[in-house]
Amino acid sequence: MNGVNGGPPPYTAGVGFGNTVPRVSPEDWRFHATEFAKGVAELSVEFGKGCRDVVKQSILRDDSFVVRNFGGPCKSACMKLRFLNRYLPEDRDPMHSWSVISFVFAVVIAVLIVTSESDAPVPMIQKLHIYPGNATRILLPDGRHLAYHEQGVSSDRARYTIVTSHSFLSSRLAGIPGIKASLLEEFGVRLVTYDLPGFGESDPHPGRNLESSAMDLFYLSYAVHITDKFWVVGYSGASLHTWAALKYIPDRIAGAFMVAPLLNPYEPSMNKVERRRTWEKWTLRRKFMYFLARKFPVLLPYFYRRSFLSGNLDQIDKWLALSLGKRDKVMIEELKYQEFWKRDLGESVRQGNVKPFVEEAVLQVSNWGFSISDLNVQKKLQGKGIVYWLKSIYKRPCQELTGFLGPIHIWQGLEDRVVPPSMSEYVHRVLPGAMVHKLLYEGHFTYFYFCDECHRQMLTTVFGNPQGPLPVKVDPIPVKVDPIPVKADPVPVNEDTDEETEERGWLQNS
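Everything numeric here is computed off the predicted structure, so don't read it as measured data. (Residues numbered from 1 in each chain as written. Predicted model: local features only at pLDDT ≥ 70, side-chain atom pairs only at ≥ 80, totals over all residues. Heavy atoms only, no water.)

Caption draft 1: Local environment of the side chain of Glu-274. By the element assignment, Glu-274 lies in helix H7 (residues 272-279). The buried category is assigned to Glu-274, whose relative accessible area is 7%. Engagement of the side chain of Glu-274 in a polar contact is seen with the side chain of Arg-429, the distance being 2.9 Å. Look past the residues within four positions of Glu-274 in its chain and what remains in contact with it is Ser-422, Glu-425, Tyr-426 and Arg-429. (Helix = DSSP H or I, 4+ residues; strand = E, 2+ residues; numbered from the N terminus. Buried < 20%, exposed > 50% of the residue type's maximum accessible area, 1.4 Å probe, protein only. Polar contact = N/O pair within 3.5 Å; in protein donor to acceptor, adjacent residues only side chain to side chain. Contact = heavy atoms within 4.5 Å.)

This is the structure in structure tokens:
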């Protein structure tokens, strides 16, 4: 009991020798919280008064800029609105009252704006639909299956054969989006597209690289009965597999054409201007994803499972953090692209395995194992040493060429923000033999997707005027001809007379 009011002290000693445990009364924390709130309120009031005094002494002085320029109009407006003071209580200062009313009015307007925005219909989350698998597949030497798709003319009538893979977050169904079968027939083109390992209906290939990708293309070409050289096509991210084919299987490739070819943004042979023009076109999130793919690829599954592997459907620029131009934005909003995107995306993520996407992202930003400049045509280095010198005395060595000997065409939109034009400029600098076609006002999607005129222009540039498919070869079938019986004339029998017989015998005796 304390000596003041006879109540128990707020702190009592616990049981034990020399050991005191403080026990706080339940009312103490409420009291302290209340006093703290009062202190905060008093400080806020004093702070507001201080701000008011500062405003009066600095801004509302007669010689201040605000008063000299806006004082007169405000005073005349207040004089006109003075009649509203009669609606205020008599014991209230009009200046204080109207300031409070103005603040409350601003708060109400802000609440109404937020409420009206929240009442807007929320777009429903669309689920991604995956169709049953129906791909044609081949068996590779290592036991994996590779899915492919064919368009155009048959193999026995193909004048030209085109083989292409697909870009990131795509599948074999993409090919050349929207190309008409009649156009392929007109040029006599057979188009073969295939799924990369782990995409679509192709089996995964752990530890794959660009050389193994080129060998998959090599085995596919023979499996689908492509005996002659064929053309390869690369669009956007699929171009790295096209470059690999030109490097590792050049003897099987007749030529290549690419649209907006994506390169390694960390390519060490890029100069500062090319690197700056490349990176400045991209969003911060895309730059961050490239950084993770290069330095911390183990973190990529976290982001992929919350975007395109979540089972939901959204636009490609949202999933891949793309910065698109006006024409590209219009393109991806069209109905034909939306239908194509739903089908292609569902096929791409069919297996639900995140590892193939991580491998593809790492391939884009890692060392490819070769440089694009290696594709330049140059003389092969001859041997050195005494043995080679002795051989050269008796036999003149033939000059061999290295690199890719076929034509390379590149189409690049100058309004492309996904694959900036600086990448194609780099290719033209290190590979002068490549023909770069610059497209004014074209973006990343507008020239390659659903453009009949563009498709015709590309095929005409590469193959010349259309000549149609090859004529069907008809093997001559041997016709069995029965021999016509020939009726022989009867041999006349000589009937000699007795006199002729006796004369022949006399001649023989003589």
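Now that the structure has been shown, we can carry on.
Caption draft 2: Broad picture of the sheet that holds strand E3 (residues 145-152). Here we have 8 strands laid out as an open sheet, ordered E2-E3-E5-E4-E6-E7-E11-E12, and mixed in their pairing. Only two strands of the sheet have a single neighbouring strand rather than two, namely strand E2 (136-139) and strand E12 (435-439). Sheet twist, expressed as the average angle between the axes of neighbouring strands with direction ignored, equals 25°. In the packing of helix H16 (residues 452-463) onto the sheet, contacts are made with strand E4 (160-164), strand E5 (189-194), strand E6 (230-235), strand E7 (253-259), strand E11 (408-413) and E12, and the angle to E11 comes to roughly 155°. (Pairing = 2+ DSSP bridges. Axes fitted to C-alpha atoms, helices over the stretch in contact; angles between N-to-C directions.)

Caption draft 3: Quick look at helix H13 (residues 355-365). For H13, the tally of buried residues reaches 9 of 11 residues, placing the bulk of the element in the interior. Against helix H5 (210-223), helix H6 (239-248), helix H8 (284-295), helix H9 (300-304) and helix H12 (335-348) lie the buried residues of H13.

Caption draft 4: Local environment of the pairing of E7. Of all 7 residues that make up E7, 6 are buried, and the element is covered over most of its length. Sheet analysis places E6 next to E7, joined by 6 bridges and oriented parallel. Opposite Gly-234, over in E7, you have Met-258 as the bridge partner. The parallel pair E6 and E7 is bridged by H6, and the resulting crossover is right-handed. Relative to E11, E7 runs parallel, the two sharing 4 bridges. Bridging from a neighbouring strand, Ala-256 pairs with Ile-408 of E11. (Right-handed = clockwise from strand over helix to strand, strands pointing away.)

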